[in-house]
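Structural description and commentary
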Amino acid sequence: MAPRKNFRNQAKKEVKPAAVVNKNGVKVEASVAASGGGFSGTKIFTWFMVLALLGVWSSVAVVWFDLVDYDNVIGKLSAYDADGDGDFDVEDAKVLLGVLTILPFITSFQPPEHPTIELGRKLKAALREQLRMIQEKIEAKKIAAMALAEVRSILTKEEDERQFVNALELRRQEAAQKEKEEMRAHERRAHEQAEKDRIGEAEEKERVEKERLEKPREAEKAHKEKLEKKKAERGYEVLFFVSAKKKKPKLLNKFEKTIKTEIDAAEKLRKKGKVEEAVRAFETLVLQYPQSPRCRYGKALAEDGLAEKMLSNDMLQKAIGTYKEASELPNATPDLIKATLKKRAERQQFLGRMRGALATLEKLVQIFPEDMALKNDLGVAHLLIGDNNSAKRVYEEVLATAPSDGFAKVHYGFILKSENKIAESIPFLRDGLESGDPGTDDGRFYFHLGDALQRMGDDSAYKWYERGHQRGHFASVWQRSLYNVDGLKAQPWWTPKDTGYMDLVKTLERNWRIIRDEAQSVMDKTTGLFVPEEENLREKGEWGQFTLWQQGKAGESCRSVPKTCGLLERYPEATGCKRGQIKFSVMQPGTHVWPHTGPTNCRLRMHLGLVIPKTGCKIRCTNDTRAWEEGKVLIFDDSFEHEVWQDADSYRLIFIVDVWHPELTQYQRQTLSPI
């Protein structure tokens with residue numbers, strides 16, 4: 001039987017290789033030729049494997065380097081369902097990536113009857129195209145990855161910038177909030193300070209008024225305290241004096257004893273503080289009994305009390321007139337005349353009517369020449385108007401009659417010291433203080449006794465300063481000013497920063513040459529502008545001063561030094577200091593200024609060096625000695641003890657500027673009395 005023909009055998013026969021002529025002209029089998037230059041099935045498989053491996057490694061690279069966000073990509077590629085099975089799978093991916101573009105070509109490839117080199121060339125071209133597309137896809141993925149990274153970087157940068165802007169805004173808001181809080185705190189502090197100032201002003205007014213109202217009571221209290229002290233220091237002699245009954249003054253005449261009940265009823269109202277009712281009651285009695293000195297005296301006392309309650313000088317002046325009327329009525333008892341005129345003189349002094357008070361006291365002394373207390377009061381009245389000579393005569397009369405009178409002694413010693421009779425003043429001042437008599441325990445007498453002892457080289461001066469401090473007259477042994485405000489910071493030397501007056505100090509130091517030149521231009525003695533120091537503070541030498549401001553007021557002197565005065569006009573802490581001065585001070589060689597203190601703790605004193613010799617000039621404040629420098633400011637509190645030496649070969653010139661103590665309130669600066 002003949003072998004069955006089939007398509008397989010037929011195909012085998014049809015593809016039998018034909019002879020091919022090689023380049024040497026020799027015929028060879030087609031299979032052999034294919035192995036050298038054709039495109040056999042083995043090579044197709046090899047290229048296919050290369051293509052597959054490239055695809056695998058490309059996939060690995062994509063996955064390994066995370067070039068594509070597959071979750072996001074897969075979600076978006078569902079639209080590319082190539083085979084219609086409802087999802088995006090591997091086959092769809094092959095179509096999308098172009099892999100199947102070669103497979104259909106391979107599967108549908110029908111080799112020509114005689115394979116040629118053209119087939120290999122087409123396959124190579126297809127593979128190269130496929131590789132190029134894969135390479136482009138990889139490059140595209142890399143570019144996409146780089147773009148993604150750049151976008152991420154931009155977004156990150158934008159986020160950082162947004163966070164930075166937010167941080168700045170937060171800081172700005174915090175700063176604004178802090179500023180608001182500081183403003184509120186500042187306003188709160190300002191309000192608190194204003195409230196303190198208001199309270200301080202009220203308290204100061206209340207204190208001043210209280211002092212005014214209680215001055216007579218304090219004098220009476222002081223008198224009692226001195227008697228107690230005298231009792232303790234002088235033993236049985238004082239005990240006898242104090243134990244003796246104080247003679248009750250006889251204020252009622254014979255007729256007035258018959259209306260004593262009515263007078264007592266009105267007096268009871270006055271003593272209970274019902275001064276308006278008391279005034280009306282005594283006015284009624286005066287109308288009923290116009291010749292009664294006691295009724296008129298009671299009316300004067302009630303008017304005096306009403307003046308204190310109303311703070312009325314007019315009412316007080318009315319009381320002073322009523323006192324005079326009572327003293328001049330007939331049938332007034334001596335005790336009533338004395339009491340009436342003493343009250344009148346006291347209230348006249350309170351109103352500043354010193355000469356009127358002097359006349360009243362002179363009348364009293366004429367009526368009661370044996371009363372040493374009245375003469376002592378008359379001596380004080382002379383001192384209050386600056387008549388030391390008349391006061392001296394009065395105290396000499398008292399001491400001639402009562403040589404142990406302590407009050408007369410301290411005042412007489414004070415007058416001697418003012419005459420520069422230093423040695424003679426000491427025993428009177430010392431004995432008077434040791435007596436403990438009423439009116440002797442006064443800071444002025446401790447001050448002047450210690451000063452006199454210092455000038456005599458007697459170290460016991462500090463014992464008396466210490467005693468004065470213990471008695472409450474001095475802030476300390478070193479700080480002995482008498483016109484003080486309690487509670488102010490006390491230290492001998494100050495820095496510009498301590499004072500808070502930095503701008504003033506800088507102005508003085510920047511312009512010191514201008515100030516010096518103007519001072520030197522007016523130093524010619526023939527002009528009379530510099531006058532000798534008049535407070536008796538020099539032991540020896542020459543010390544001249546040229547004052548520009550005194551007690552907060554500018555004088556005519558500013559016309560001579562307009563630039564200097566112009567520099568100071570914008571500093572009210574200096575020009576408005578009512579307890580200080582602004583002046584030039586020139587001191588010649590060989591000058592020594594005694595240890596001394598200023599009158600008040602309400603000021604600080606600046607010294608600007610203008611012409612300072614290299615050696616020999618120094619100033620001591622407490623136990624700290626310093627020297628001036630040209631163009632530099634020294635600041636000290638002159639209520640502390642200080643002393644000056646000028647032992648150079650030429651003159652020393654400084655500019656003195658007093659300023660308010662920085663802790664004084666504005667109200668205090670406005671209301672403190674000038675010194």
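Residues numbered from 1 in each chain as written. Predicted model: local features only at pLDDT ≥ 70, side-chain atom pairs only at ≥ 80, totals over all residues. Heavy atoms only, no water.

Within an unreviewed UniProt entry, the label attached to the protein reads Aspartyl/asparaginy/proline hydroxylase domain-containing protein, and the organism entered is Oncorhynchus mykiss. In UniProt, the protein has this text filed under Sequence similarities (unreviewed entry): "Belongs to the aspartyl/asparaginyl beta-hydroxylase family." (UniProt positions renumbered as here; feature names shortened; annotations may be inferred.)

**So, helix α17 (residues 406-418)**
The end-to-end C-alpha distance of α17 is 19 Å, a good match for the 18 Å that 13 residues give at a rise of 1.5 Å each. Where burial is concerned, most of α17 is hidden: 11 out of the 13 residues are buried. Listed in full, the buried residues belonging to α17 are Gly406, Phe407, Ala408, Lys409, Val410, His411, Tyr412, Gly413, Ile415, Leu416 and Lys417. Buried residues in α17 make contact with α15 (372-384), α16 (388-401), α18 (422-435) and α19 (443-455). Residue Asp405 occupies the N-cap position of α17, its side-chain oxygen lying 3.1 Å from the main-chain nitrogen of Phe407. Just past α17, the residue Asn420 takes up positive phi, approximately 65°. (Helix = DSSP H or I, 4+ residues; strand = E, 2+ residues; numbered from the N terminus. Expected span 1.5 Å × (residues − 1). Buried < 20%, exposed > 50% of the residue type's maximum accessible area, 1.4 Å probe, protein only. Contact = heavy atoms within 4.5 Å. Polar contact = N/O pair within 3.5 Å; in protein donor to acceptor, adjacent residues only side chain to side chain.)

**Here's the deal with the packing of helix α13 (residues 334-350) against helix α14 (residues 354-367)**
Contact pair α13 / α14: the axes reach a minimum separation of 8 Å and the direction vectors enclose 160°. The angle between the axes of α13 and α14 places the two elements in the roughly antiparallel class. Both α13 and α14 take part in a crossing whose hand is left-handed. Seen from α13, the contacting residues are Ile337, Lys338, Leu341, Lys342, Arg344, Ala345, Gln348 and Gln349; seen from α14, they are Met354, Gly356, Ala357, Thr360, Leu361, Lys363, Leu364 and Ile367. Its residues placed into classes, the contact of α13 with α14 shows eight nonpolar, four polar and four charged. (Axes fitted to C-alpha atoms, helices over the stretch in contact; angles between N-to-C directions. Parallel < 35°, antiparallel > 145°, perpendicular 65-115°, else oblique. Left-handed = near helix turned anticlockwise from the far one by under 90°. Nonpolar A, V, L, I, M, F, W, Y, C, P; charged D, E, K, R; others polar.)

**Concerning the state of the cysteines**
On inspection of all chains with the given rule, the structure shows one disulfide. Put simply, Cys558 and Cys565 are joined by a disulfide, and their sulfur atoms are 2.1 Å apart. When the S-S torsion is -85°, as for the bridge of Cys558 with Cys565, the disulfide is left-handed. With no disulfide of its own, Cys577 lies closest to Cys602 among cysteine sulfurs, the gap being 8.4 Å. When its relative accessible area of 2% is taken as the criterion, Cys577 is described as buried. (Disulfide = S-S within 2.5 Å.)

**A word on the pattern of salt bridges**
Per the stated rule, a full pass over the model turns up 29 salt bridges. Here Asp624 and Arg626 are joined by a salt bridge, their closest N and O atoms 3.0 Å apart. Asp624 sits in the partly exposed class, given a relative accessible area of 26%. Counted as one network, the salt bridges with shared partners bring together Arg480, Arg620, Glu641 and Glu643. (Salt bridge = Lys/Arg side-chain N within 4 Å of Asp/Glu carboxyl O.)

**Notes on the packing of aromatic side chains**
Scanning the entire structure with this criterion turns up 11 aromatic pairs. A ring pair is formed by Tyr462 and Tyr465, whose centres lie 5.6 Å apart and whose planes are at 75°; its orientation type is edge-to-face. Residue Tyr462 and its partner Tyr465 are located together in helix α20 (residues 461-470), separated by three residues, close to a single helical turn. Judged by its relative accessible area of 28%, Tyr462 falls in the partly exposed class. Here the aromatic residues Tyr462, Tyr465, Phe474 and Trp478 are joined through ring pairs into a cluster of three or more. The ring of Phe368 carries Lys338 above its face, with NZ or CZ at 4.6 Å from the centroid. When the ring centre of Trp628 is taken as reference, the NZ or CZ atom of Arg652 above it lies at 4.8 Å. (Phe/Tyr/Trp six-rings, centres within 6.5 Å; stacked < 30°, edge-to-face > 60°. Lys NZ or Arg CZ within 6 Å of the ring centre and 35° of its normal.)

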